[in-house]
Amino acid sequence: MRSSVKTQRNWTLLFVYIILGLFSITTLIPFLWMFLTSFKSLQEVDKPGILPHQWHKENYGEVFKQIPFSQYYLNSFLVAAWVTFLTVVTSAMSAFAFARMTWKGRDQVFLMYLATMMVPGVVTMIPNYAIIVRLHLLDSYTGLIVPASFSAFGTFLLRQFMISIPKALDEAAYLDGASPWRTFWDVIMPIAKPGLAALGILTFLGNYGSFYWPLILIKSDSLRTLPIGMLNFDGNYGRQTNLIMAAGMMSLIPPLLLFLIGQKQLLKGIQMGAVKG
């Protein structure tokens, strides 16, 4: 009886895995099309058939000849890296204040902080733009980085993670004469590494492909990020689908590598942050 139940369960799991595998394959079809198209000639792009009749590896080199792709690449990476670093630092400090320190009105302020997550980014875009103009930060790295370096979601994620850390560690640190800053930096931060890694990965992936804010803020070609540079490439250089796909494939490398390297930390940080709240 037990063997039949176990066999039925195994067949059920196999069926579920097959269904999930088929859904996974469907998500890969656009990437496969983009990869194969990047090796086709422009005349061959609209013709029937998936595989290119002749593999044009020179498409990738042609991208660098027609646009300053390396500069766009560097801009996207630098902006995303700085935003990630500043977001992790500011979110960790605010999360420590909300999770580990006791002060009057803490919970009410945290609820107001969370309420900002309900406001669409489009609503705050015009006020942010007006502030950037008044601060004379238009068309600059600073204007791209600073407004995106504070995250209510990051504070919420790290607060949930820090709440799960035993309070006894703070008390032991205070008995040893540690200040709140020393407790934050030497006690809480090392334990919160999975949560910091998860927030860092999510922030980098979200800002690496940022489109609307750089679109309205950046005017100089030397400061364009990858999405804006590729939009300009597609609009000003005529229809070159094969080269756009080649540029798109190269732009996927940093986020793909980051996800593959940090996927365990990402899942661990999210799971541990959801234990208490």
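Above this text is the structure in question.
Residues numbered from 1 in each chain as written. Predicted model: local features only at pLDDT ≥ 70, side-chain atom pairs only at ≥ 80, totals over all residues. Heavy atoms only, no water.

## Re the packing of helix H4 (residues 106-115) against helix H7 (residues 152-163)
Rule in force here: Between N-to-C directions, angles cover 0 to 180 degrees, with each direction set by a line fitted to C-alpha atoms, over the stretch in contact for helices. Strands here are runs of E lasting at least two residues and helices are runs of H or I lasting at least four, both read from the DSSP assignment and numbered beginning at the N terminus. Convention used here: angles under 35 degrees read as roughly parallel, angles over 145 as roughly antiparallel, angles from 65 to 115 as roughly perpendicular, and any remaining angle as oblique. By convention, the crossing between two helices is left-handed when the near helix turns anticlockwise from the far helix through less than a right angle, and right-handed when the turn is clockwise. In this analysis, two residues are considered to be in contact whenever any of their non-hydrogen atoms come within 4.5 Å of each other. Basically, the charged four are Asp, Glu, Lys and Arg, the nonpolar ten are Ala, Val, Leu, Ile, Met, Phe, Trp, Tyr, Cys and Pro, and anything else, Gly included, counts as polar.
Packing of H4 against H7 leaves a shortest axis separation of 8 Å and a crossing angle of 130°. Between H4 and H7, the crossing angle belongs to the class labelled oblique. In this structure, H4 meets H7 at a crossing whose hand is left-handed. Taking contact as the criterion, the partners of Phe110, Tyr113 and Leu114 in H4 are, on H7, Ala152, Thr155, Phe156 and Arg159. Partitioning the contact of H4 with H7 into residue classes produces five nonpolar, one polar and one charged.

## A look at the side chain of Glu44
Keep this limit in mind: We call two N or O atoms a polar contact when they sit within 3.5 Å, provided that within protein one can donate a hydrogen and the other can accept it, with sequence-adjacent residues counted only if both atoms are side-chain atoms.
Turning to its location among the elements, Glu44 is positioned in the loop between helix H1 (2-37) and helix H2 (58-66). There is a polar contact of 2.5 Å between the side chain of Glu44 and the backbone nitrogen of His53. Apart from the residues within four sequence positions on either side, Glu44 is in contact with Leu51, Pro52, His53 and Gln54.

## As for the packing of helix H3 (residues 69-99) against helix H9 (residues 180-191)
At their nearest, the axes of H3 and H9 sit 11 Å apart, and the two run at 110° to each other. One finds that H3 runs roughly perpendicular with respect to H9. Residues Ala92, Met93 and Phe96 of H3 touch H9, and the partners they reach there are Pro180, Trp181, Phe184, Ile188 and Met189. Counted by class, the contact of H3 with H9 contains eight nonpolar, no polar and no charged residues.

## Topic: the pattern of salt bridges
Note the threshold: For this analysis, a salt bridge means a side-chain nitrogen from Lys or Arg found within 4 Å of a carboxyl oxygen belonging to Asp or Glu. Categorising residues by exposure relies on relative accessible area from a 1.4 Å probe, with only protein chains included: less than 20% of the type maximum marks a residue as buried, more than 50% marks it as exposed, and the intermediate range marks it as partly exposed.
For the structure on display, the rule yields four salt bridges. Its salt-bridge partner being Arg100, residue Asp170 comes within 2.4 Å of it at the nearest N-O pair. Here Arg100 lies in the loop between H3 and H4 and Asp170 lies in helix H8 (residues 168-175), a separation of 70 residues in the sequence. The pair Asp170 / Arg100 is uniform in exposure class, with both members buried. In this structure, Arg106 engages Asp107 in a salt bridge whose closest nitrogen and oxygen atoms are separated by 3.4 Å.

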